Amino acid sequence: ALSPDASVYSQRNVGKLPYRASCAAPLIREGKGIGVIAITSPEPGALPEKQKQLLQTFADQAVIAIENVRLFKELDARNRDVTEALERQTATAEILKVISGSTTDVQPVFEAIARSGVRLFGTAMVLRLAEGDQMIRVAELHPGSTEIKRGDSTKLDDRSYSGRAILRRQVVLMPDLGAETWVSEETRKLSADRGVRSAVFVPMMRDNEAIGAIGLMRKFIGSFPEKQIELLQTFADQAVIAIENVRLFNETQQALERQTGTAEILKVIANSPSDVQPVFEAIASSSNRLIGGFSTAVFRINDDALHLVAFTPTNPTADDALKASFPRPLDAFPHLAAIRNGEVAHIPDTESESNEVPATMRALARLRGYRSMLFTPLMRDRLAIGMISVTRKEPGPFAAHHVALLQTFADQAVIAIENVRLFNETKEALEQQTATSEVLRVVSGSMADAQPVFAKILDSCERLFRGRLIGINLVGPDGLIHLGAFNGPGREGLERIFPLAVDERSDSGTAIVQRRVVHHPDVDDAQANVP
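Quick caveat, the model's predicted, so the values are computed rather than measured. Going along each chain's sequence as written, the residues are numbered from 1 onward. The predicted origin of the model limits local features to residues at a pLDDT of at least 70 and limits the giving and counting of side-chain atom pairs to 80 or more, whereas totals for whole chains, interfaces and linings rest on all residues. Calculated side-chain values reflect all of the structure's heavy atoms, with hydrogen atoms and water omitted.

Colleague: Explain the sheet that holds strand β7 (residues 172-174) to me, using residue names and the numbers behind them.
Modeller: Spatially, 6 strands are ordered β6-β5-β4-β9-β8-β7 in an open sheet, and the strand pairing comes out antiparallel. Only two strands of the sheet have a single partner each, and these edge strands are β6 (153-155) and β7. On average, each strand axis in the sheet is inclined to that of its neighbour by 25°, with strand direction left out of account. Pairing between strand β4 (residues 124-131) and strand β9 (residues 209-218): 6 bridges, direction antiparallel. Paired strands, as defined in this entry, are two strands with at least two bridges between them according to DSSP. By definition, any uninterrupted DSSP run of H or I lasting at least four residues is a helix, any uninterrupted run of E lasting at least two residues is a strand, and each is numbered from the N terminus. All axes are obtained by fitting lines to C-alpha atoms, using only the stretch in contact for helices, and the reported angles, taken between N-to-C directions, cover 0 to 180 degrees.

Colleague: Outline the environment of Arg505, supporting the account with residue identities and numerical values.
Modeller: The residue Arg505 is located in the loop between α13 (491-497) and α14 (507-514) in this model. Exposed residues in this analysis have more than 50% of their type's maximum accessible area, buried residues have under 20%, and partly exposed residues fall in between, with area computed by a 1.4 Å probe over protein chains only. Here Arg505 falls in the exposed class, since its relative accessible area comes to 61%. In protein, a polar contact means a hydrogen-donor-capable atom and an acceptor-capable atom, both N or O and within 3.5 Å, with residues adjacent in sequence counting only if both atoms are side-chain atoms; elsewhere, any N or O pair within 3.5 Å suffices. Of note is the side chain of Arg505, whose polar atom sits 2.8 Å from the side chain of Asp503.

Colleague: Describe the nonpolar core, and please don't skip the residues or the numbers.
Modeller: Residues enter a nonpolar core if they are buried and are Ala, Val, Leu, Ile, Met, Phe, Trp, Tyr or Cys, with the set joined through side-chain atoms within 4.5 Å. Ranked by size, the top nonpolar core spans 33 residues in total, and within it Phe110, Ile113, Leu127, Met204 and Ile214 carry the most contacts. When contributions to this core are tallied by element, the ones reaching two or more residues are α2 (49-100), α3 (107-121), β4, β5 (134-141), β8 (198-206), β9 and α6 (226-271). Ranked by residues supplied to this core, first place goes to α6 with 10 residues. Non-local contacts of Ile113, meaning those with residues more than four positions away in its chain, are made with Ile95, Met125, Leu127, Ile214, Phe235 and Ala239. Counting 28 residues, the second largest nonpolar core, distinct from the first, contains Phe280, Leu290, Val390 and Val420. Note on definitions: a residue-residue contact is assigned when non-hydrogen atoms from the two residues lie within 4.5 Å.

Colleague: Go over the sheet that holds strand β13 (residues 345-347), please, and point to the residues and values.
Modeller: Strand pairing within a sheet occurs via backbone hydrogen bonds; the two strands may be parallel or antiparallel. Taken together, the 6 strands give an open sheet; going across it, the order is β12-β11-β10-β15-β14-β13, and neighbouring strands pair in antiparallel fashion. One side of each edge strand has no neighbouring strand; the edge strands of this open sheet are β12 (328-329) and β13. Note that strand β14 (residues 372-380) and strand β15 (residues 383-392) share 9 bridges and pair antiparallel. When the sheet's bridge partners are listed, Arg380 is paired in β15 with Leu383. Of the strands in this sheet, β10 (295-302), β11 (305-311) and β15 are in contact with helix α7 (residues 277-291), which crosses β10 at around 140°.

Colleague: Can you explain the pattern of salt bridges? Please cite residues and give values.
Modeller: A side-chain nitrogen of Lys or Arg and a carboxyl oxygen of Asp or Glu constitute a salt bridge if their distance falls within 4 Å. Taken as a whole and assessed by the stated rule, the structure comprises 18 salt bridges. Taking the shortest distance from any N to any O, the salt bridge between Asp158 and Arg164 comes out at 3.1 Å. With a shortest N-O distance of 2.8 Å, Glu244 and Arg247 are connected by a salt bridge. Of this pair, Glu244 and Arg247 are both found in helix α6, 3 residues apart, which corresponds to roughly one turn of the helix. The class of Arg247 is partly exposed, set by a relative accessible area of 32%. Connected via shared salt-bridge partners are Arg137, Glu140, Asp152 and Arg194.

Colleague: So, a nonpolar patch on the surface: which residues are in play, and what are the values?
Modeller: Exposure above 30% relative accessible area and no salt bridge define the residues that can form patches, which grow by joining like charges within 9 Å and nonpolar side chains of Val, Leu, Ile, Met, Phe, Trp and Tyr within 5 Å. The Shrake-Rupley method, run with a 1.4 Å probe sphere, supplies the accessible areas, and residue values consider only the shown protein chains as cover. A surface patch of nonpolar side chains, about 280 Å² in accessible area, is lined by Val475, Val502, Ile512 and Val513. The residue Val513 is located in helix α14 in this model.

In short, shape yes, function no, at least from these values alone.
Written out as structure tokens, the structure reads:
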């Protein structure tokens, strides 16, 4: 475009355009004008053709320069995208590697996520897990620091960043924390102390439930790129995968340990048909190991009193104190009233006044070094016949699966007791049958003399009843009771009191007169009429 005389234009713009001639060449890219290059002259006149062509050449070169810059920027942006994608891929791969190597502990995964987030985003990163009405900080890292903070807890509520993400199960984006009216004063003050001006938190989701939150915190106002939020969500998903892996691994390991423990006890039961003591000791050992107890004890209930039958040792002094504390009436332990009803009993903290722990129980807990207790009854025919107690050094309730496992051990203890009882009853029945058969055999071979029969009866009674003094008294022709046969020491003393009258002044006389069994559990009883 050439204006040999720009006076008309200049007249419309007096004082603004101090020239009389001008020439403008367009900047053309892909058939579209994107700009212009122009020259002016204070005098009117035509611009030589060569100069016009040179001006157009300059315009074309300007377009090339602009295009080069555009292409360079696009290439640089693509390179940055590729670099960022590679960094994200590398970070997620590194975290997956940590997950694969942390089947029993999720903490290394949390820390790897925190380090990756700070490296990629250049901002502070925090991970929190929900636990009841609390949020536990499992990892927090700030730029320029290598120390990963963990361990404190805060209340789970809707007015904190991570709490809101957990309770609402959604991304909480805060480009300007000062503009968020829902934030609590405590959270606002904490952010101000740290210099945090913007933040974003995403929930960790498992089975449609939020189990925690992961977030970025920055010291300047501004929104967060979508790609950062997407990567943050990926980190949250990886954290959940790690938590699930550890949970499943631990559940599998615990199931295997429980199965092994119960199998070991069943093996002991099978090998101890006549003695329950090895079973009690195996149950105490297995319970303590699998439940993570500090000490475990097994008790039998006889005559409404607890009798210690097995325990895991701690130290000689404490063990002696435990043994010296039993037998003890059940009424001495108010917490064991549940045991009578076949219920499990807990003492979350032996030092807590609200638990009303008896002084003797608290003293024993202090001596042996534990703070919490779990009691499970041994039930047979709806009657409590014993219990198992497990203690821990730390205060707090026992997990439900630990309670269930202890109940399994209690059932096995009852099975062992029943097995031994049935075995002994069968053995006693066999011994009795054998003894009566032996006596009958002697009877059949002693038609003319009863003395061998008496001797065999005394021998059988001594073996079956395990008594030291066994005798057979007979009524003689004189109508008096005479000592007929006797096994054991002290015969001379007995011979001095015989013969006895057939009356109720002696056990022998009473049995003969009343024609019944006369039994005295305690011959020192004033009511007993014993010669």
